[in-house]
Amino acid sequence: MYRRFLILSASILLTLVLAGCATEKKKPEMVQFQVDMVLPPLGTTGLTPSEVSNILKDVETRNKEVEDKPEWIDMSYEGLMVRRLNNVSEREFPKYKKYLDGGSVYVLVHPGFFSFFHYPRKLRRGSPDDVSEFNIVELLLKRRAKSAEFALLQAQERRTRDFLEFKSTQKKLLIVIIPMNYKEYSGYTYRKDRDEYMRYLNEITNFSESVLFVESRSPNRGYLSDDDALRLVEFLLSVDAKIVYIGGSYVGRCLEDFYTLLTREYGSEGIYVVPELSDLSPREINGKIATQLLRPDGSIDKAVAMKQMRDDVYSVQENIPKMLNLP
């Protein structure tokens, strides 16, 4: 679907940078962002403003000229348009090295889990046969936040969407961990309707050849099968990934499952959880935690996210992972 993309001017960007450097913690504003406003995501500080602008324009063009069309929307419900790692031959593995982001690969565990598996109400309007111009995450973002807790949940969904849209269009190596058999999972809000999670995944991965997916062993855990874990390790070794950045849903839950599995099979060297790219379950969020995490512009404070995970303020982490903020 079509979304307008906000390309920040130098003055606005400077304002955001200065806000991020402020020492005084301001109470987060309950800002109702336009649903089609996509900011340059995490991990883009090494790019020039023109590079960021060009990538956002590419995303906008695809959304307008491809993903706006009714026939594409219909097709987006039918199956994932990026490759499964199991279907990539070992002979092809080294070809993916060119997609590394300065030697790094990104892994997102169960992206968008809150919108599709935790939010209890269907967000679609009209009859079941009506196809909305907005996907489910965007419908969630359209709701007005009446609490810091809900604003944080929206901020998590927004930054995940923006990150995957940007990096897949930039053609950087992304591995998405998808819940196995999620369509039959009783916790899937859209289980008996069109596969809204499939549409969302297709919209944010942009049919990119740099994106691969692997299924987790169950819908609500982040572990992989033994065969898939072995294949993933072989893949990472083949592309010679120096850093593996891990984010997704949820801290101390599926995210910890995956991190524990990968470090056990691959070793811990160069493997990090990214606090500002890691979702909290609504069960762990309260007003104090949300207010501390949200910056005045509605984004997530990466320094606070790091400290909260390191101190295990959520009381759900069995082990504190190695952590690293994105540059």
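In this text the structure is predicted, and so the values were computed from the model without any measurement.

The rules behind these values
Residues numbered from 1 in each chain as written. Predicted model: local features only at pLDDT ≥ 70, side-chain atom pairs only at ≥ 80, totals over all residues. Heavy atoms only, no water. Helix = DSSP H or I, 4+ residues; strand = E, 2+ residues; numbered from the N terminus. Buried < 20%, exposed > 50% of the residue type's maximum accessible area, 1.4 Å probe, protein only. Contact = heavy atoms within 4.5 Å. Areas by Shrake-Rupley, 256 points an atom, 1.4 Å probe, with all protein chains shown as cover. Pairing = 2+ DSSP bridges. Phe/Tyr/Trp six-rings, centres within 6.5 Å; stacked < 30°, edge-to-face > 60°. Salt bridge = Lys/Arg side-chain N within 4 Å of Asp/Glu carboxyl O.

A.B. asks: Please give an account of the overall build of the chain that cites residues and values.
C.D. replies: Helix and strand counts for the chain stand at eleven helices and six strands. Taking all 327 residues of the chain together, the buried fraction comes to 54%. Here the contacts in the chain between residues at least 6 apart in sequence split such that 80% fall between residues at least 24 apart. Of the accessible surface of the chain, which amounts to about 15,000 Å², a share of 51% is contributed by carbon and sulfur atoms.

A.B. asks: For the pairing of strand β5 (residues 243-249), give the residues involved together with the corresponding values.
C.D. replies: Taking burial as the measure, the seven residues of β5 include six buried ones, the bulk of the element. Bridge count for strand β2 (residues 104-109) against β5 is six bridges, and the pairing is parallel. Across the sheet, the residue bridging to Val105 is Val244, located in β5. When β5 meets strand β6 (residues 271-279), the two strands line up parallel, connected through five bridges. Residue Val244 lies in a different strand from β6, and its bridge partner there is Ile271.

A.B. asks: Break down the packing of aromatic side chains for me, with residues and values.
C.D. replies: Considering all chains together, one arrives at 20 aromatic pairs under this definition. Between the aromatic rings of Phe116 and Tyr200, the centroid separation amounts to 5.3 Å while the plane-to-plane angle is 40°, which identifies the pairing as tilted. Highlighted residues: Phe116 in helix α4 (residues 113-118) and Tyr200 in helix α7 (residues 196-205), separated in sequence by 84 residues. Pair check on accessibility: Phe116 and Tyr200 agree, each one buried. Centroid distance Tyr197 to Tyr200: 6.3 Å. Interplanar angle 20°. Geometry classified as stacked. Of the two residues, Tyr197 and Tyr200 both sit in helix α7, three residues apart, roughly one turn of that helix. Judged on exposure class, the residue Tyr197 and its partner Tyr200 are both buried. Among the aromatic side chains, those forming a connected cluster through ring pairs are Phe113, Phe116, Phe117, Tyr182, Tyr185, Tyr188, Tyr190, Tyr197, Tyr200 and Tyr250.

A.B. asks: Tell me about the pattern of salt bridges, and name the residues and values.
C.D. replies: Tallied over the entire structure, the rule returns 18 salt bridges. Between Asp311 and Lys307 there is a salt bridge, with the nearest N and O atoms lying 2.7 Å from each other. Here Asp311 and its partner Lys307 are both found in helix α11 (residues 302-311), four residues apart, which amounts to about one turn of the helix. Overall, the relative accessible area of 44% leaves Asp311 in the partly exposed class.

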